[in-house]
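Letter by letter, the chains look like this.
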Amino acid sequence: MADFQEPKPHSKKPENYRYEIQHSLNQLPARHRALGEVYEWVESCVLAVVCILLLFTCLARTATVSGPSMMPTLQNGDQLLLLQAGYHQPQHGDIIVIDRTQSDEPPIIKRVIGCAGDEIDIDFSSHEVWRNGKLLKEDYINEPTALSYDVTFPVTVPDGAVFVLGDNRNHSMDSRAGEIGMVDLRRVMGKAIFRFIPLDQFGPTE
């Protein structure tokens, strides 16, 4: 007659067995939340990079001031943000960057003094600049306007162009010289709207 043995009882699980199972299950949503937060953070970074690229490709660009021609308003080495998109009609007082690739020269930065139709006159003996018969009050210049080039005044700004001067009048090559002359609007790269370097001068340009 075959012997039968009683089945051995199952080994007893540790008292904390069910707690560990429940604890592991509770951790799953936390892991999912953490992964979701990482994904959202990466997505935000990618979106920010795309927006910055679009900004500097379509709407704005940066420029670095080279030379002393815009002192004291701007210093050599200042880094600026230029407005490009929608900027088609420079106004009196705007600081603009002008492309000179047609003459294999680097860009220059100047202030708009005359727009289409304006008559500009400069009296180099009295250091006065006149626009349409009105004496300009130029608090932004570094020195009185004493330097003349080969352009004879008065001049009238033609359509599609602007007349520009540097704020450092005696150390600036600008519309007083035939080499620069009236600036075609198609050569205007943008308007300087913000200075971000140096940090102690951080803020809008004037």
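Residues numbered from 1 in each chain as written. Predicted model: local features only at pLDDT ≥ 70, side-chain atom pairs only at ≥ 80, totals over all residues. Heavy atoms only, no water.

Along the polypeptide, Val112 turns up in strand E4 (residues 108-114). Residue Val112 is classed as buried on the basis of its relative accessible area, which comes to 1%. For the pair Val112 and Gly166, spaced 54 residues apart in sequence, the C-alpha to C-alpha distance is 8.8 Å. Not counting residues within four places of it along the chain, the set of residues in contact with Val112 comprises Pro90, Gln91, His92, Gly93, Asp94, Ile96, Val162, Phe163 and Val164. (Helix = DSSP H or I, 4+ residues; strand = E, 2+ residues; numbered from the N terminus. Buried < 20%, exposed > 50% of the residue type's maximum accessible area, 1.4 Å probe, protein only. Contact = heavy atoms within 4.5 Å.)

Let us look at the confidence of the model for the chain. The predicted model of the chain has a mean per-residue pLDDT of 83, with 71% of residues at 70 or higher. Considering only residues more than four positions removed or in separate chains, one finds that residues 49-54, a stretch of pLDDT under 50, has one contact. (pLDDT = per-residue confidence, 0-100.)

With that settled, consider the pairing of strand E6 (residues 128-131). Only one face of E6 is buried, namely the one carrying Val129 and Arg131, since none of Glu128 and Trp130 on the opposite face is buried. The antiparallel hairpin formed by strand E5 (residues 119-123) and E6 contains four residues in its connecting segment, where His127 sits at a positive phi of about 65°. When E6 meets strand E7 (residues 134-135), the two strands line up antiparallel, connected through two bridges. Bridging across to E7, Arg131 finds its partner in Lys134. What sits between E6 and E7 in their antiparallel hairpin is a turn of two residues, with Asn132 showing a positive phi close to 55°. (Pairing = 2+ DSSP bridges.)

Along the chain, the position of Thr205 falls in the segment after strand E12 (203-204). Thr205 sits in the buried class, given a relative accessible area of 15%. Side-chain polar atoms of Thr205 contact the backbone oxygen of Ala192, separated by 2.8 Å. (Polar contact = N/O pair within 3.5 Å; in protein donor to acceptor, adjacent residues only side chain to side chain.)

Using the criterion set out here, one finds seven salt bridges in the structure. The salt bridge involving Asp94 is made with Lys191; its shortest N-O contact spans 3.6 Å. One end of the pair, Asp94, is in the loop between strand E2 (79-83) and strand E3 (95-98); the other, Lys191, is in strand E11 (residues 188-197), with 97 residues separating them in the sequence. A relative accessible area of 9% places Asp94 in the buried class. For Lys191, a relative accessible area of 25% translates into the label partly exposed. Asp174 is the salt-bridge partner of Arg176, the closest N and O atoms lying 2.8 Å from each other. Note on accessibility: Arg176 and Asp174 belong to one class, buried. (Salt bridge = Lys/Arg side-chain N within 4 Å of Asp/Glu carboxyl O.)

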